[in-house]
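What follows is the residue order along each chain.
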Amino acid sequence: MQPDTVAVERRRTDGALREELQHRIGAAAFNNWFHDGVQFQLSAERVVVGCNSPFMMNWLKKRFRADIQESAVCVLGADVEISFEVVAQPVSSHSATRPKSDLAVTDSAERSAKPRRKMSSQTPRRRLADMVDFVVGPSNELAWTAAQAVGAHPGRCNPLFLHGGVGLGKTHLLEGIYRALRRNFPACQLMLLTAEEFANHFTKAMRERSLPSFRHRFRSADILIVDDVDFLNGKMVIQEEFLHTFQQLESYGRQLVLASNQHPRLFSRCSDELITRFLSGGVYRIERPEFDTRIEIAKRKLKRLETEVTREALKFVAQRFVNSVRELEGALHSLSTYSQMTGQRVGMAAAQKVLADLERDCVKVVRVPDVERVVCRMFGVVPEQLRSASRQRTVSQPRMLAMFLARKHTDAAYSEIGRHFGRNHSTVVSAQRRVEDWIQEDLPVRLASGTWPLKELMQSLEHELRAS
Ligand code: ADP
Ligand code: MG
């Protein structure tokens, strides 16, 4: 079967599975639990049920596992296996604002997957985030202002590069820019995609010997928006292709917008030429949102979810989820599910209970090798070097940072960390003290791409650890 035919076939089966499930559990339960925020990924012998929070996942497992299993058997055959997963991004985090009838229309429109305009070579499949839904605070104000400027006057801040930790709103802003440009400049050819998608298109074009049309397509964009460009780090061939695309668009004065979890200078395996280009326009960092911003985000989200939460419970949630808006939204989804189930407003006791469950399900266990991997990637060294006897600063400094982070983020004892790096207990203790001093001084640290303030580097490493 051709890939397109496979895709159509899969959609058909997905539709059949949903229909069967609705038949079994009734339309009311189906609409309540499966209409929004749950996706089915089907293969010949497997169905993965993607849920937007651990809470939702546990609930669906408990209540509907048997029904999903039986429906899948009906559609795909007796050997099918069911598994549940929490999907990183809520499937339609913005769709909660839409009325249900509208959902159905959008769904079928999306399924037909026809580009709306011939010019739009990359048509996003789900409803994109809008700038007006973005809550602005000191943590993201600069990035938001730059994004607004690009949406209104493309070309003025070029390229625009947004960076910051996972779940802090970069994709939201990129999608907001796309929508603003679409509104303001309907005749422009806009492209919005991830660096990974760019790489996939490229390798497909290589395989199918259709590079000229691939190049034509990307190099004739008026505005190119590329998310998660840290994917390019370490992929030299794709970098080269991307650089040519970049240069060509730049020479025509076209607007580029890029986002990444890391500052481009922290890309340890990326050509200097590309890094220089990334840095040549406006580079803006999004920080973790401060308390007031988190409260405002939570309020708006709960309004969209039509969920009532007491002021005390709202404060409690906003205090708990500080690292990422995505995590905060996950928690709010759980509260909303709880309140739908119980039919009650969420008070402090309920919030405590729901979030305790959530935290238990979400605990991410970090181990010493995870720390080692993240540090090695950042400094461009290999684990054997960290474990070696070398006392060169380019090795001893990342080694000490790795020891410090291992102590902070794993439950390994000093002696265990020491053993891992071929050192003893007291070396780890002194490494920890040294790094604490460096953090106090905000010592500049040398990386392949130049020096870097330690505090920012630590934040970046810690974000990587959480995301790894
Ligand atoms: P990133 O791309 O930085 O990993 P996203 O843009 O995907 O993060 O954001 C994660 C979620 O948090 C999205 O649902 C997004 O809409 C929401 N979000 C992030 N920042 C804000 C904000 N300032 N105001 C409103 N929603 C936000
Ligand atoms: Mg993103």
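Relevant structure appears above.
Now for a look at the structure at hand. Please read these numbers as outputs of a predicted model, since none were measured by experiment. (Residues numbered from 1 in each chain as written. Chains lettered and ligands numbered in written order. Predicted model: local features only at pLDDT ≥ 70, side-chain atom pairs only at ≥ 80, totals over all residues. Heavy atoms only, no water.)

Moving on to the overall build of the chain. If you tally the helices and strands in the chain, you get 20 helices and ten strands. Among the 468 residues that make up the chain, the fraction classed as buried is 48%. (Helix = DSSP H or I, 4+ residues; strand = E, 2+ residues; numbered from the N terminus. Buried < 20%, exposed > 50% of the residue type's maximum accessible area, 1.4 Å probe, protein only.)

What follows concerns the site of ligand 1. Close to ligand 1 lie 19 residues, the nearest being Gly167, Lys170, Thr171, His172 and Glu329. The separation between an oxygen atom of ligand 1 and a polar side-chain atom of lysine 170 is 2.7 Å. Taking histidine 172, its side chain carries an N or O atom lying 2.6 Å from an oxygen atom of ligand 1. When ligand 1 is considered free in solution it has 560 Å² of accessible area, and contact with the protein chains removes 96% of it. Split by residue class, the shell around ligand 1 holds six nonpolar, nine polar and four charged. (Near = heavy atom within 4 Å. Polar contact = N/O pair within 3.5 Å; in protein donor to acceptor, adjacent residues only side chain to side chain. Areas by Shrake-Rupley, 256 points an atom, 1.4 Å probe, with all protein chains shown as cover. Nonpolar A, V, L, I, M, F, W, Y, C, P; charged D, E, K, R; others polar.)

Attention shifts here to the sheet that holds strand S6 (residues 223–227). Strands pair in a sheet through their backbones, by hydrogen bonds, and they do so in one of two ways: parallel or antiparallel. The five strands lie next to each other as S5-S6-S7-S4-S8, forming an open sheet whose pairing is parallel. Two strands in the sheet have a free side with no partner beyond their single neighbour: strand S5 (190–194) and strand S8 (282–286). With direction set aside, neighbouring strand axes in the sheet form an average angle of 10 degrees. Pairing of S5 with S6, which is carried by five bridges, proceeds in the parallel orientation. Counterpart to threonine 194 in the pairing with S6 is aspartate 227. Helix H7 (residues 195–207) rests against S5 and S6 of the sheet, and its axis sits at about 100 degrees to S5. (Pairing = 2+ DSSP bridges. Axes fitted to C-alpha atoms, helices over the stretch in contact; angles between N-to-C directions. Contact = heavy atoms within 4.5 Å.)

Another aspect to go through is the pattern of salt bridges. Per the stated rule, a full pass over the model turns up 16 salt bridges. One salt bridge in this structure joins arginine 183 and aspartate 130, with 3.7 Å as the shortest N-O distance. Here arginine 183 is found in helix H6 (residues 170–184), whereas its partner aspartate 130 is found in the loop between helix H4 (100–112) and helix H5 (141–152), with 53 residues between them in sequence. A single salt-bridge network, built from bridges that share partners, covers Glu20, Arg24 and Glu70. (Salt bridge = Lys/Arg side-chain N within 4 Å of Asp/Glu carboxyl O.)

Turning to unusual backbone geometry, a few remarks are in order. Residue proline 159 is reached from asparagine 158 by a cis peptide bond, and omega for that bond is -5 degrees. In this structure, proline 159 sits in the loop between H5 and strand S4 (160–164). Even without glycine at this site, aspartate 228 takes up a positive phi of about 50 degrees. As for its position among the elements, aspartate 228 is in the loop between S6 and helix H9 (236–251). Notably, glutamate 306 is not glycine yet its phi reads approximately 50 degrees, a positive angle. In this structure, glutamate 306 sits in the loop between helix H11 (291–304) and helix H12 (311–320).

Attention shifts here to H6. In this model, H6 (15 residues) spans 21 Å end to end at C-alpha, consistent with the 21 Å of a helix rising 1.5 Å per residue. Among the 15 residues of H6, eleven are classified as buried, and the element is accordingly described as predominantly covered. Every buried residue of H6 is listed here: Lys170, His172, Leu173, Leu174, Glu175, Gly176, Ile177, Tyr178, Ala180, Leu181 and Arg182. Taken together, the buried residues of H6 touch H5, S4, S5, S6, strand S7 (255–260) and S8. (Expected span 1.5 Å × (residues − 1).)

Looking now at the packing of aromatic side chains. Across all of its chains, the model carries 13 aromatic pairs by this definition. Three or more aromatic residues joined by ring pairs form one cluster here, namely Phe161, Phe198, Phe202, Phe214, Phe218, Phe242, Phe246, Phe267 and Phe278. Between lysine 235 and the ring centre of phenylalanine 231, over which it is positioned, the NZ or CZ distance is 4.0 Å. A cation over an aromatic ring shows up here: arginine 407 above the ring of tyrosine 414, its NZ or CZ 3.9 Å from the ring centre. (Phe/Tyr/Trp six-rings, centres within 6.5 Å; stacked < 30°, edge-to-face > 60°. Lys NZ or Arg CZ within 6 Å of the ring centre and 35° of its normal.)

On to the nonpolar core, then. Counting residues in hydrophobic clusters, the biggest one holds 35 residues, and the most contacted among them are Val371, Phe379, Leu401, Ile417, Leu457, Met458 and Leu461. Every element with two or more residues in this core is listed here: helix H15 (368–379), helix H17 (393–409), helix H19 (425–441), strand S9 (444–447) and helix H20 (454–467). The element contributing the most residues to this core is H17, with eight residues. Those residues in contact with leucine 457, other than ones at most four positions away along the chain, are Leu266, Met378, Phe379, Leu401, Val445, Leu447 and Trp452. By size, the runner-up hydrophobic cluster in this structure holds 28 residues, among which are Phe214, Ala221, Leu232 and Phe242. (Core = buried A, V, L, I, M, F, W, Y, C linked by side-chain atoms within 4.5 Å.)

By themselves, these figures tell us nothing about what the structure is for.
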